[in-house]
Amino acid sequence: MSPRLPGKLLQLSSSIWAAQCTLPRGPVRSFGIKSLNEAKPSRFNVGPGLPVLESTSTAALRRKANSLPLRSGAIATKKGMTAVYDPETGKRTPCTVLQLDRVEVVSHKTRQKHGYFAVQVGSGWKHPSNMTKSLLGHFSANGLSPKRHVFEFRVKDESGLLPVGQSIQANWFQEGQYVDARSNTKGKGFAGVMKRHGFHGQDRSHGVSLTHRSLGSSGPGQGGGSRVYPGKKMAGNMGNTQNTVQNLKILKVDSETGVVVVSGAVSGPKGCTVRIQDAIKKPWPEVAPAAESVTA
Amino acid sequence: MAALPAMRQLGCLRSFFKTQEAIQPQISRRFISTTYSQRPKRVPFPSNIPEQFLSQIPVRHQPQNAPKPIKVYPPPPSTRAVCKDPIASVTESQLAEIDPKGERKALFDYRRNPRSIKQGDIVRVTFKNGDPFNGVVLSIKMRGIDTSFLMRNELTRVAVEMSVKVFNPNVSSVEIVQRAERKPRRARLYYMRSRKHDRRSVENVVAAYVRQKKAFMGGGRRR
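Please read all numbers here as calculations on a predicted model, not as lab measurements. (Residues numbered from 1 in each chain as written. Chains lettered and ligands numbered in written order. Predicted model: local features only at pLDDT ≥ 70, side-chain atom pairs only at ≥ 80, totals over all residues.)

## Some words on the overall build of chain B
Of the regular secondary structure elements, chain B holds seven helices and five strands. Mapped in sequence order, the helices and strands of chain B form the string α-α-α-α-α-α-β-β-β-β-β-α. Expressed as a percentage of the 223 residues in chain B, the buried residues total 13%. Nonlocal contacts in chain B, meaning residues at least 24 apart in sequence, comprise 52% of its contacts between residues at least 6 apart. (Helix = DSSP H or I, 4+ residues; strand = E, 2+ residues; numbered from the N terminus. Buried ≥ 20, exposed ≤ 12 C-beta atoms within 10 Å, placed from the backbone. Contact = placed C-beta atoms within 7 Å.)

Structure, rendered in structure tokens:
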């Protein structure tokens, strides 16, 4: 609240009023209990050699620079699992079959506008009557058909931003490269602690009645604050949470049918949506020719 | 009176005749709140409004600021329509490489091929590396590229079971040594694990088969 002026001042001419405004203000009023002796600066947290604080968005981006992929990923559908044999060695590799369907770049997220670089990618098709007007306008403004799934793929810098409307085919990935696949796990519904957290449950007998599968104690008594600590593992909804499976090798790619075969298992039921992107724990794939074809 | 019960069957048709009478009077009996009324048609904005009235209309309701219809673009061709069952196509491409003539598939397709290996047969499997394995076929699991069969035998008086993937390239051959005496009544002969029904060792049967085969082949060479 600004200090109130006495009533007389208001009646003075405008020139005096302007002069009042230009005058420097007095000391800032502060409230509360104050110490008579001012706090000493810390002996340890001062000096010329201290590092610059890194709590800025620029520093955050710099920290992530090594773990952000150089290029966008793709949205796929899990079709199921099968196996692939190597005809020479006879080695059998269990694999998951994914399919890319009408994957296109919808828009970009940029450092200047949104604080980070990402490619917004859509896949599939959704009937426009089942879509909100705002989302429909977002697609039509970018000259795209309405998409069923829309996801973002973070990239390191603007060189990874594909042009809007660019379609991503299965040959975006190369056979032999590694990808990370993230999808939602199978939902298990409301699950008890034995299933959800692997608790051992309680005894079958020895006087236990009706609580054979429940948890023991939910926390300490008087010494521990007589409360349940936040994050206590309890019964609840299990599954249907995002999971990333890292370092899956691409075994086969067919851009005509959109089929991408990756080694190993991918979380979630058949028909679930899977996001695949270059593996962050493997060397980036050599995509120089692919990048040229994209720009051309 | 004998015809009456038969007439009762047609009683359901009564509702057809009554529909006209039943529904018509109901309309008049409806409450005001539920009476049907035509959806109001959109009245076009009058074109010749004097400027003084037009300026009084809120800016967003003025005709030039009306929302434009959103243009919906058609979708690109779908890969899903091209390949509706990707798992089948992946399996087919595998089989074309591993089993181009479809011999192995036919050898285990016991539901369609009468000459195939069946449950209860004694078979001899040879691998590219290592010893052959003989045994009674307990079950055949048809799972596309993962089709496998389970064999049971007794080696050094210990019962041994081995599951072999049919399309594994390391399997060089599968021979039928002896057919089952009669067709078993089960698809999975797991009862053969019980002591009463156990077939025990099939080594002597296979040894006789191998001897016979060798003689046959040797005779062929001498000529």
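## Considering the overall build of chain A
The helix and strand inventory of chain A stands at seven helices and eleven strands. Counting only residues that meet the buried cut, chain A has 22% of its 296 residues in that class. Taking the contacts inside chain A whose residues are at least 6 apart along the sequence as the reference set, 69% of them involve residues at least 24 apart.

## Re unusual backbone geometry
Residue and element names in this part refer to chain A. A positive phi angle, near 70°, is found at Leu210, a position not held by glycine. The topology assignment puts Leu210 in the loop between helix 6 (193-197) and strand 8 (236-238). Taking the C-beta count within 10 Å as the criterion, Leu210 has 7 such neighbours and is therefore assigned exposed. Located in the positive-phi region is Asn240, a residue other than glycine, with phi close to 55°. Inspection of the secondary structure puts Asn240 in the loop between strand 8 and strand 9 (242-254). Looking at Asn240, the number of C-beta atoms within 10 Å reads 14, which means it is partly exposed.

## Quick notes on the pairing of strand 11 (residues 273-278) of chain A
Residue and element names in this part refer to chain A. Burial analysis of strand 11 places five of its six residues in the buried class, the great majority of the element. Judged from the four bridges that link them, strand 1 (residues 74-85) and strand 11 form a sheet pairing that is antiparallel. Bridge pairing in strand 11 links Ala76 to Val274. (Pairing = 2+ DSSP bridges.)

## Side note on the confidence of the model for chain A
Residue and element names in this part refer to chain A. When pLDDT is averaged across chain A, the result is 88; 88% of the residues are at 70 or more. Confidence drops under pLDDT 50 across residues 5-21; counting only partners more than four residues distant or on other chains, this segment forms three contacts. A low-confidence stretch, residues 289-296 (pLDDT under 50), is modelled with two contacts involving residues beyond four sequence positions or located in other chains. (pLDDT = per-residue confidence, 0-100.)

## Considering the interface of chain A and chain B
Quite often, the size of an interface is put as the accessible area lost when its parts meet. The partner chain B presents 28 residues to the 31 residues of chain A that form the contact. A per-element tally of the side of chain A that touches chain B places strand 1 of chain A first, with six residues. Classifying every residue of the side of chain A that touches chain B by side-chain character gives 13 nonpolar, eleven polar and seven charged. (Nonpolar A, V, L, I, M, F, W, Y, C, P; charged D, E, K, R; others polar.)

## Quick notes on the sheet that holds strand 3 (residues 104-109) of chain A
Residues and elements named next belong to chain A. Strand order in the open sheet formed by three strands is 3-4-5, and the pairing between neighbours is antiparallel. With one partner strand each, in any of the chains shown, strand 3 and strand 5 (149-154) form the two edges of the open sheet. Pairs of neighbouring strands in the sheet enclose a mean axial angle of 25°, with direction left out of account. Inspection of the sheet shows strand 4 (residues 118-123) paired to strand 5 by six bridges, in the antiparallel sense. Residue pairing for strand 5: Val121 is matched across the bridge by Phe151. (Axes fitted to C-alpha atoms, helices over the stretch in contact; angles between N-to-C directions.)

## Structural notes on the nonpolar core
Most often, soluble globular proteins have nonpolar side chains that are buried together. Membership of the largest hydrophobic core comes to 40 residues, with the highest contact counts inside it found for Ala74, Ala76, Val121, Val179, Val260 and Val262 of chain A. The leading source of residues in this core is strand 10 (residues 259-263) of chain A, at four residues. Those residues within four positions of Val121 of chain A in sequence are excluded, and the remaining contacts are Ser72, Ala74, Ile75, Val103, Val105, Val106, Phe151, Phe153 and Ile168 of chain A. Membership of the second largest hydrophobic core comes to 18 residues, among which are Val123, Met151, Leu189 and Val206 of chain B. (Core = buried A, V, L, I, M, F, W, Y, C linked by C-beta atoms within 7 Å.)

## Observations regarding the pairing of strand 3 (residues 148-155) of chain B
Residue and element names in this part refer to chain B. As paired strands, strand 2 (residues 133-141) and strand 3 are joined by five bridges and run antiparallel to one another. From the neighbouring strand, Ser139 faces strand 3, where its bridge partner is Leu150. Two strands pair when backbone bridges link them, and strand 3 and strand 4 (residues 158-165) are joined in this way by eight bridges, in the antiparallel orientation. Residue pairing across strands places Glu154 opposite Ala159, the latter belonging to strand 4. Counting the residues in the hairpin turn of strand 3 and strand 4 gives two residues, including Thr156, whose phi is positive at 50°.

## Focus: the sheet that holds strand 2 of chain B
Residues and elements named next belong to chain B. In spatial order, the strands read 4-3-2-1-5; together these five strands make up an open sheet with antiparallel pairing. Only two strands of the sheet have a single neighbouring strand rather than two, namely strand 4 and strand 5 (171-178). With direction set aside, neighbouring strand axes in the sheet form an average angle of 40°. Judged from the four bridges that link them, strand 1 (residues 122-127) and strand 2 form a sheet pairing that is antiparallel. By the bridge assignment for strand 2, Ile122 is matched with Val136.

## Some words on the environment of Ser163 of chain B
Residues and elements named next belong to chain B. You can see Ser163 is positioned in strand 4. The exposure class of Ser163 is exposed, given the 11 C-beta atoms found within 10 Å. C-alpha of Ser163 to C-alpha of Pro114: the two residues are 49 residues apart in sequence and 22 Å apart in space. Among all residues touching Ser163, those that are not within four sequence positions of it are Ser148 and Leu150.

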